[in-house]
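Survey of secondary and tertiary structure
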Amino acid sequence: MPAEPRTITELARALQARELTAQAVTERCLTAIAEGNPSLNAFIRVLAGAAREQARRADAEMVAGRFRGPLHGVPVSLKDLIDLSGTTTTAASRVRQGHLATRDATVVTRLREAGAVLIGKTNLHEFALGTTNEDSAFGPARHPLDRSRSPGGSSGGSAVSVLADMAYASIGTDTGGSIRIPAAACGLVGLKPTIGEIPTDGVVPLSGTLDHVGPLCRSVEDARILYDVLRGAPTAQGMRPRDARGLRLGVLRDYFLALLDPQVGTSFESACARLREAGIELHDVAIPHAEDVAPIYLHIVLSEAAAYHAKTLESRADDYTANVRLRLEMGRYILAEDYVRALRGREVLMHEVDAALTGSDALLLPSVPIPAHKIGVTTVRLGGSDESVRNVTLRLTQLFNLTGHPAITVPCGSTPEGLPIGAQIVGYRSRTDALLEVARAVEPCLDPGTSP
C-alpha cells in the first residue's frame, strides 16, 4: 500500500492517478480537525459542508478528464484575515463580529479556479499585530509538538493546521514575519514573496506598505505551486532542477547572529557546514544600518495600523485585546516627521540589501532567534540579558518586509526537545522564482530529511 502523501506534489500525483479521491483526503483532514482542534485551537471556523461539496466536484471533474493542476482537490486553509464570500472575516477580534464578506479576496478566487478545497479559516494574533498568536478573541493556538508552547504568529493557526494534518497548506499574511515565524517554529516552509506580487485586496490590512500574502506548506516545491496560483500564473507540477554545487550564498552575520538561542546558533552553523560540504560557497556580508531596522519598522507599521483602526479605536476600544490596543494607541502618537524619516530609512535599507546580494545567488540567515516559546512567557534570556519575545522573534524577518525582498524559511534542524529550527533564504527583488529555485536546490542540505 503506498505511503500517505505528505506534500501537495505527492497528493496531486495520487489524485491524478485516481489512487486517492479528493473526498477521502478532505474527510481525513476534517477528522484531524475534529480530533485536534479542541486542544490546538487552529481554526476559528471549519467549512465542512462547503469543503465536502468542493471535493465532490473536484473528483467529478477529474473523472471526466479535467485536471486543473496540482492544487486540484487539495485541502487548503485560510488565515482569517482573508475574505471568503458569505463568511465572517473576524481577524481574531471582537471588533469585527458579524463582519460578513460579500466577495472573495483575489487570492481566494485564484485558489477556487485552481480547484483547491477551502477547508476553514484559521486563528491568528488579533489583526495580525503580534508574533505569538496569544492575543486572539478566540484564545491562543497551540503548538502540536508541545501544547504549552506557541506556534508563532501571527499566522499561528495556519501553521498548526498544516503541521497537524488538518490541511495540506495554508495561506497566511506577513507584515514583519507572520508567515516565516510560525512556519519556522513548526518545521514548515513559509514564503514571503516580493512585495506586490500577490494581491492583498480582500485582506484586512495591518500596514498597507508592508503587507504580503503567501503560503505555509511542507516543501519548497509546494511553495512554488501555491506561489504560482496566488500570483495568477500558470502552474506546473515539478520544479526545474538546479544543482546546488557552485551556488554562492551571502551569510548575514554581526547583528543577525548576535542574539541567538545557543540551540538555534548550533543548528544554523551545522546547516552552513552541510552547505559547504555540498559545494556551496558561503561568504559573509553585512547590512550597515541593521541596528536601525526595528525603529524604522515600528514607525511605519504602527502609524499605518493606527490610521486604519482610527474609527474603531474611538468607538470600540474595549473590544480589542489589551496588548493589541496598546500598540495601536502607541501608533497614534508617532509624529509625521518620524514616519517620513522612517520611509527614508527604508530606502537606505533597500539599497543595502541589494548591495549585500551583489555577487550572490541569495542571502542566508536564521529565521527566528529562538525555538517555540512557552505561552505566556514575555521575555527570554539571550546574550546575558532579558529580551522581549516579541522583539526577538521579529528581529530577523522584519527587514525584508521593509525592503520587499522575497524571503523563505526552510527547516534546518531541531532542538534536543524536538522543536523545529528554520533557516531563512532571501533573494533579489522581483525574482521570487529564482529564490525558489535556490531554496529547492539547498533544501536537502538544510533539512537532511528532505528528498533531493
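See the structure printed just above.
What comes next concerns the included structure. For clarity, every value in this text was computed on a predicted model and none was experimentally measured.

Criteria and thresholds
- Residues numbered from 1 in each chain as written.
- Predicted model: local features only at pLDDT ≥ 70, side-chain atom pairs only at ≥ 80, totals over all residues.
- Heavy atoms only, no water.
- Helix = DSSP H or I, 4+ residues; strand = E, 2+ residues; numbered from the N terminus.
- Buried < 20%, exposed > 50% of the residue type's maximum accessible area, 1.4 Å probe, protein only.
- Contact = heavy atoms within 4.5 Å.
- Areas by Shrake-Rupley, 256 points an atom, 1.4 Å probe, with all protein chains shown as cover.
- Core = buried A, V, L, I, M, F, W, Y, C linked by side-chain atoms within 4.5 Å.
- Lys, Arg positive; Asp, Glu negative; His and termini not counted.
- Salt bridge = Lys/Arg side-chain N within 4 Å of Asp/Glu carboxyl O.
- Polar contact = N/O pair within 3.5 Å; in protein donor to acceptor, adjacent residues only side chain to side chain.
- Pairing = 2+ DSSP bridges.
- Phe/Tyr/Trp six-rings, centres within 6.5 Å; stacked < 30°, edge-to-face > 60°.
- Expected span 1.5 Å × (residues − 1).
- Axes fitted to C-alpha atoms, helices over the stretch in contact; angles between N-to-C directions.
- Bend = angle between axes of the 7 residues up to and from the residue.

**Some points on the overall build of the chain**
- Counting secondary structure elements, the chain contains 16 helices and 13 strands.
- Taken along the three principal axes of its C-alpha coordinates, the chain extends 60 × 60 × 40 Å.
- Relative to its full complement of 452 residues, the chain shows a buried share of 61%.
- When contacts within the chain are restricted to residue pairs at least 6 apart in sequence, long-range pairs at least 24 apart make up 75% of them.
- With the model as given, the accessible surface of the chain reaches about 16,600 Å², and the carbon-plus-sulfur share is 51%.

**Details of the environment of A114**
- Inspection of the secondary structure puts A114 in the loop between α4 (106-113) and β3 (117-122).
- Classification of A114 by relative accessible area gives buried; the value is 11%.
- Considering only alpha carbons, one finds A114 and T312, 198 residues apart in sequence, at a separation of 36 Å.

**A short note on the nonpolar core**
- Core analysis: the largest hydrophobic core is formed by 137 residues, its most contacted members being L71, L364, I408 and I425.
- The contacts of I408, once residues within four sequence positions are left out, are V189, G190, L191, V220, A223, A423, Q424, I425, L435, L436 and A439.
- Of all hydrophobic cores here, the second largest spans eight residues; its members include A159, V162, I179 and L188.

**A word on the side chain of K192**
- Mapping K192 onto the fold places it in strand β5 (residues 189-192).
- Comment: no salt bridge for buried K192; closest opposite-charge side chain is D174, at 6.4 Å.
- Only 3.1 Å separates the side chain of K192 from the side chain of H212, close enough to count as a polar contact.
- In contact with K192, not counting residues within four places along its chain, are D174, R180, H212, F400, N401, G404, H405, P406 and A407.

**Considering the pairing of strand β4 (residues 169-174)**
- Of all six residues in β4, six are buried; the element is thus mostly enclosed.
- Of the two faces of β4, both are covered, the one formed by A169, I171 and T173 as well as the one formed by S170, G172 and D174.
- Taken together, the three bridges between strand β2 (residues 75-79) and β4 define a ladder with parallel strand orientation. The residue of β4 that forms the bridge with L78 is I171.
- As defined by bridge partners, β4 adjoins strand β6 (residues 212-217) across five bridges and the pair is classed as antiparallel. Within the sheet, the bridge partner assigned to S170 lies in β6 and is L216.

**Let's talk about the packing of aromatic side chains**
- Applying the stated rule across the entire model yields two aromatic pairs.
- Centroid distance F127 to Y320: 5.8 Å. Interplanar angle 40°. Geometry classified as tilted. On the criterion of sequence distance, the pair formed by F127 in the loop between β3 and α5 (156-163) and Y320 in the loop between α11 (310-315) and α12 (322-331) is long-range, its members being 193 residues apart.
- A ring pair is formed by Y255 and F256, whose centres lie 5.1 Å apart and whose planes are at 85°; its orientation type is edge-to-face. Each of the two residues, Y255 as well as F256, counts as buried.

**Thoughts on helix α13 (residues 336-357)**
- An ideal rise of 1.5 Å per residue puts 32 Å on 22 residues; α13 measures up with 32 Å between its terminal C-alpha atoms.
- Buried residues of α13: A342, G345, R346, L349, M350, E352, V353, A356 and L357, and no others.
- Looking one or two residues past α13, G359 carries a phi angle of roughly 85°, positive in sign.

**Some thoughts on the sheet that holds β5**
- Reading across the sheet, the eleven strands line up as β1-β3-β2-β4-β6-β5-β12-β13-β9-β7-β8 and stay open at both edges, with mixed pairing between neighbours. Among the strands making up the open sheet, the edge pair consists of β1 (43-46) and β8 (281-285). Averaged over all pairs of adjacent strands, the angle between their axes in this sheet comes to 30°, without regard to strand direction.
- The strands that helix α3 (residues 48-63) touches are β1 and β3; relative to β3, the one it contacts most, it runs at about 160°.

**Remarks on helix α2 (residues 22-40)**
- At A34, α2 shows its maximal bend, which comes to roughly 35°, and the proline P38 appears one to four places after that position.
- Buried residues of α2: A22, V25, T26, C29, L30, A32, I33, G36, N37 and L40, and no others.
- Here the buried face of α2 lies against α1 (8-16), β1, α3, β2, β3 and α5.
- Positive backbone phi, at 60°, marks N41, one or two positions downstream of α2.

**Concerning the environment of I287**
- Within the fold, I287 resides in the loop between β8 and α10 (293-308).
- Using a relative accessible area of 6% as the deciding quantity, one classes I287 as buried.
- As a C-alpha pair, I287 and S267 span 20 residues in sequence and 23 Å in three-dimensional space.
- Apart from residues lying up to four places away in sequence, I287 is in contact with L252, F256, L349, E352, V353, A356 and L399.

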